[in-house]
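# What the coordinates show
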Amino acid sequence: DINLNSPNKGLLSDAMTDVPVDSAASARTSAPEGLTLAEEEELRSELAKVEEEIGTLRQVLAAKERHCGELKRKLGLTPLDGLKQNLSKSWHDVQVSNAYVKTSEKLGEWNDKVTQSDFYKKTQETLSQAGQKTSAALSNVGSVISRKLGDMSSYSIRHSISMPAMRNSATFKSFEDRVGTIKSRVVGSRENSTDGLHSPSGAGDKPPQDNAPF
């Protein structure tokens, strides 16, 4: 309770003068430079409406996003599919952008300049000649291998054909007759030696006598 008869009643009024004034109220009363109070009120009203519309749009966007998620879930679309779709759309946007078109045009001009330069043409001719030489060398190697294989095949054929003719020749028959004669003589001598070893004799029936010990 405040005692009006207190000797400090004069100090109360002095203390009240030190209380700060509301800055918002003072801001509302003082208009910015170049604006009247009516213009300021109009702008503040418009700002409030825009902020309210932004809040409404955020709510609508959140509802649309939830609805979109439900539709994707029903269709079986995964977040990866959405990411691919976003990347494809982003790449399409990049391709149709002015920067990409200009860069493609510059690269095309540089490519034309490089392909029309003398250095590029000489390098291309050198590589072409090297490729032709390599192809010719491989062709020669293949021809040599084919010729060698053909020679070996013809040799085997001639050898297989000449063997029956050689066997029917007089020289081969004479040599064959001589070999047969030698073979018959060897077989006959072996039979005679075998008969001599197995002929009946008294010595063969008696076992050998051991020498008497000294």
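The structure displayed is predicted, hence computed values, not measured ones. (Residues numbered from 1 in each chain as written. Predicted model: local features only at pLDDT ≥ 70, side-chain atom pairs only at ≥ 80, totals over all residues. Heavy atoms only, no water.)

## Here we look at a nonpolar patch on the surface
On the surface, W91, V94, Y100 and V101 cluster together into a nonpolar patch covering about 340 Å² of accessible area. Sorting the residues of the nonpolar patch by element identifies α4 (79-95) and α5 (98-115) as the ones contributing at least two each. Relative to the assigned elements, Y100 resides in helix α5. (Patch = residues over 30% accessible without salt bridge, like charges linked within 9 Å, V, L, I, M, F, W, Y side chains within 5 Å. Areas by Shrake-Rupley, 256 points an atom, 1.4 Å probe, with all protein chains shown as cover. Salt bridge = Lys/Arg side-chain N within 4 Å of Asp/Glu carboxyl O. Helix = DSSP H or I, 4+ residues; strand = E, 2+ residues; numbered from the N terminus.)

## A word on the UniProt feature "coiled-coil region" (unreviewed entry) in the protein chain
UniProt records the feature "coiled-coil region" (unreviewed entry) at residues 40-67, using the numbering of this structure. Secondary structure within residues 40-67 divides into 100% helix and 0% strand; the distance between the first and last C-alpha atoms comes to 41 Å. (UniProt positions renumbered as here; feature names shortened; annotations may be inferred.)

## A few points about the pattern of salt bridges
Under the defined criterion, the tally for this structure stands at two salt bridges. In this structure, the salt-bridge partner of E40 is R44, at a minimum N-O distance of 3.1 Å. Residue E40 and its partner R44 are located together in helix α3 (residues 37-75), separated by four residues, close to a single helical turn. Residue classification places E40 among the buried residues on the basis of a relative accessible area of 4%. For R44, a relative accessible area of 46% gives the class partly exposed. Here K89 ties to D93 by a salt bridge, and the two come within 3.4 Å at their closest N and O atoms. Of the two residues, K89 and D93 both sit in helix α4, four residues apart, roughly one turn of that helix. Among the residues examined, D93 registers a relative accessible area of 38% and is labelled partly exposed. (Buried < 20%, exposed > 50% of the residue type's maximum accessible area, 1.4 Å probe, protein only.)

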